[in-house]
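# A structural walkthrough
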Amino acid sequence: ERTDFISYLHQIIDRFDMNVSEKIDLKRDLPGGQYFVYLDKDKMTQVLDNIISNAIKYSPDGGSIRFKVEKQKYQLIISIKDDGPGIAYEKLDKIFERFYRADKARNRKVGGTGLGLAIAKELVEAHHGRIWAKSKEGKGTTILFTLPLMNQKRRNIS
Ligand code: ATP
Ligand code: MG
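Residues numbered from 1 in each chain as written. Chains lettered and ligands numbered in written order. Predicted model: local features only at pLDDT ≥ 70, side-chain atom pairs only at ≥ 80, totals over all residues. Heavy atoms only, no water.

## So, unusual backbone geometry
Short version of the rule: Each helix is a run of H or I in the DSSP string that is no shorter than four residues. Each strand is a run of E no shorter than two, and both are numbered from the N terminus. Throughout this description, buried means an accessible area under 20% of the type-specific maximum (1.4 Å probe, protein chains only), exposed means over 50%, and partly exposed covers the range between.
At histidine 128, a position not held by glycine, the phi torsion is positive, near 65°. Relative to the elements of secondary structure, histidine 128 occurs in the loop between α4 (116-126) and β6 (131-135). Judged by its relative accessible area of 67%, histidine 128 falls in the exposed class.

## Some details on the confidence of the model for the chain
We apply this condition: Each residue gets a pLDDT score, which is the predictor's confidence in that residue and runs from 0 to 100.
On average, the chain scores 91 in pLDDT, and the residues at 70 or more come to 90%. For this predicted complex, the interface confidence reaches an ipTM of 0.97, while the overall pTM sits at 0.92.

## Focus on the site of ligand 1
The condition is simple: Think of it this way: one heavy atom of a residue within 4 Å of a molecule or strand is enough to make that residue near it. Here a polar contact means two N or O atoms within 3.5 Å. Within protein one must be a hydrogen donor candidate and the other an acceptor candidate, and residues neighboring in sequence count only if both atoms are side-chain atoms.
Around ligand 1, a shell composed of 20 residues is seen, among which Asn54, Asp82, Arg101, Thr113 and Leu117 lie nearest. Within the contact set of ligand 1, an oxygen atom lies 2.9 Å away from a backbone nitrogen or oxygen of glycine 114. Of all the secondary structure elements, the ones that give two or more residues to the shell around ligand 1 are α2 (41-57) and α4. Top element by residues in the shell around ligand 1 is α2. It accounts for three residues.

## Here we look at the packing of α2 against α4
For clarity, the threshold we go by: Angular values range over 0 to 180 degrees, each being the angle between N-to-C directions of two axes fitted as lines to C-alpha atoms, with helices fitted over their stretch in contact. Less than a right angle of anticlockwise turn of the near helix away from the far helix marks a crossing as left-handed, whereas a clockwise turn marks it as right-handed. The contact criterion used throughout is that any non-hydrogen atoms of two residues lie within 4.5 Å. Residues are sorted three ways: Asp, Glu, Lys and Arg are charged, Ala, Val, Leu, Ile, Met, Phe, Trp, Tyr, Cys and Pro are nonpolar, and all the rest, Gly among them, are polar.
In contact at an axis separation of 9 Å, α2 and α4 are set at 145° when each is read in the N-to-C sense. With respect to the hand of their crossing, α2 and α4 are arranged in left-handed fashion. Every residue of α4 that contacts α2 at Lys43, Gln46, Val47, Asn50, Ile51 and Asn54 is listed here: Gly116, Leu117, Ile119, Ala120, Leu123 and Val124. Taken together, the residues of the contact of α2 with α4 break down into seven nonpolar, four polar and one charged.

## Overview of α2
The following threshold applies: A helix's residues, less one, multiplied by 1.5 Å, set its expected span.
Relative to the 24 Å expected for 17 residues at 1.5 Å per residue, α2 spans 23 Å between its end C-alpha atoms, a close match to the ideal helical length. Inspection of α2 places Met44, Thr45, Val47, Leu48, Asn50, Ile51, Ile52, Ala55 and Ile56 among the buried residues, and these make up the whole buried set. Next to the buried residues of α2 lie α1 (5-20), β4 (64-71), β5 (75-82), α4, β6 and β7 (141-148).

## Details of a positive patch on the surface
Here is the rule: Exposure above 30% relative accessible area and the lack of any salt bridge qualify a residue for a patch; like charges then connect within 9 Å, and the nonpolar side chains Val, Leu, Ile, Met, Phe, Trp and Tyr within 5 Å. Only the protein chains shown count as cover for residues, and the accessible areas themselves come from Shrake-Rupley with a 1.4 Å probe. Just to be clear on terms, a salt bridge is a Lys or Arg side-chain nitrogen sitting within 4 Å of an Asp or Glu carboxyl oxygen. The charge count includes Lys and Arg as positive and Asp and Glu as negative, but it does not include His or the ends of the chains. To locate a charge, take atom NZ for lysine, CZ for arginine, CG for aspartate or CD for glutamate.
The grouping of Lys27, Arg66, Lys68, Lys81 and Lys134 at the surface amounts to a positive patch. Topologically, lysine 27 is positioned in strand β2 (residues 25-29). Here lysine 27 falls in the partly exposed class, since its relative accessible area comes to 31%.

## A word on the packing of α1 against α2
Note the following rule: Here the word oblique covers every angle except those under 35 degrees (roughly parallel), over 145 (roughly antiparallel) and from 65 to 115 (roughly perpendicular).
Put simply, α1 and α2 touch, their axes get as near as 11 Å, and they point 45° apart. Between α1 and α2, the crossing angle belongs to the class labelled oblique. For the crossing formed where α1 meets α2, the hand is right-handed. Residue-level inspection shows Phe5, Tyr8, Leu9, Ile12, Arg15, Phe16 and Val20 of α1 in contact with α2, the latter providing Lys41, Met44, Thr45, Leu48, Asp49, Ile52 and Ile56. Residue composition of the contact of α1 with α2, by class: 10 nonpolar, one polar and three charged.

## Things to note about the sheet that holds β7
Inclusion rule: Strands are labelled as partners when DSSP assigns at least two bridges between them.
Pairing is mixed across the open sheet formed by five strands, whose spatial order is β2-β4-β5-β7-β6. Lying at the two open borders of the sheet, with one neighbouring strand each, are β2 and β6. Along the sheet, successive strands turn relative to each other by an average axial angle of 15°, direction set aside. Relative to β2, α1 is tilted by about 170°, and along the sheet it contacts β2, β4, β5 and β7.

In structure tokens, the structure reads:
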């Protein structure tokens, strides 16, 4: 359904903030206005839950996660940046594959199946967006995805 992505994302972040605010600082760099996108909210919530749970899971206590939304002409770029351990360059594309887990030793401790980002990719693409990652080992991870903007102007019918 047609949704203002900014207020929707604030709600998602609020929900995580209630649970992790003592350990991790969630920072918001979101525009003030409304930007409408077409969302299957259940599916988009799954995308964000997967990305944010990873960011939390791989963050040190006292770390921070920065949410940013940038508006381009025809799309929004959403990014979620953590200051966890990062991912080696040659593994960056593979993390979106099913059952891929980048660091076996570390992962045994944190748990998971390696499906979260594969599902996120499928669901972002179902919204006609793209998803990718940027990282430097030791310097955190940024997951980015796009969503096409809907026509922003709508006449009131009254
Ligand atoms: P699941 O999500 O199924 O519980 P998972 O978190 O291991 O398991 P994905 O979410 O698909 O699986 O992530 C794949 C792999 O990518 C992870 O195992 C981890 O190695 C790496 N990864 C994902 N997000 C981050 C992050 N924010 N920081 C560091 N590594 C990450
Ligand atoms: Mg995961």
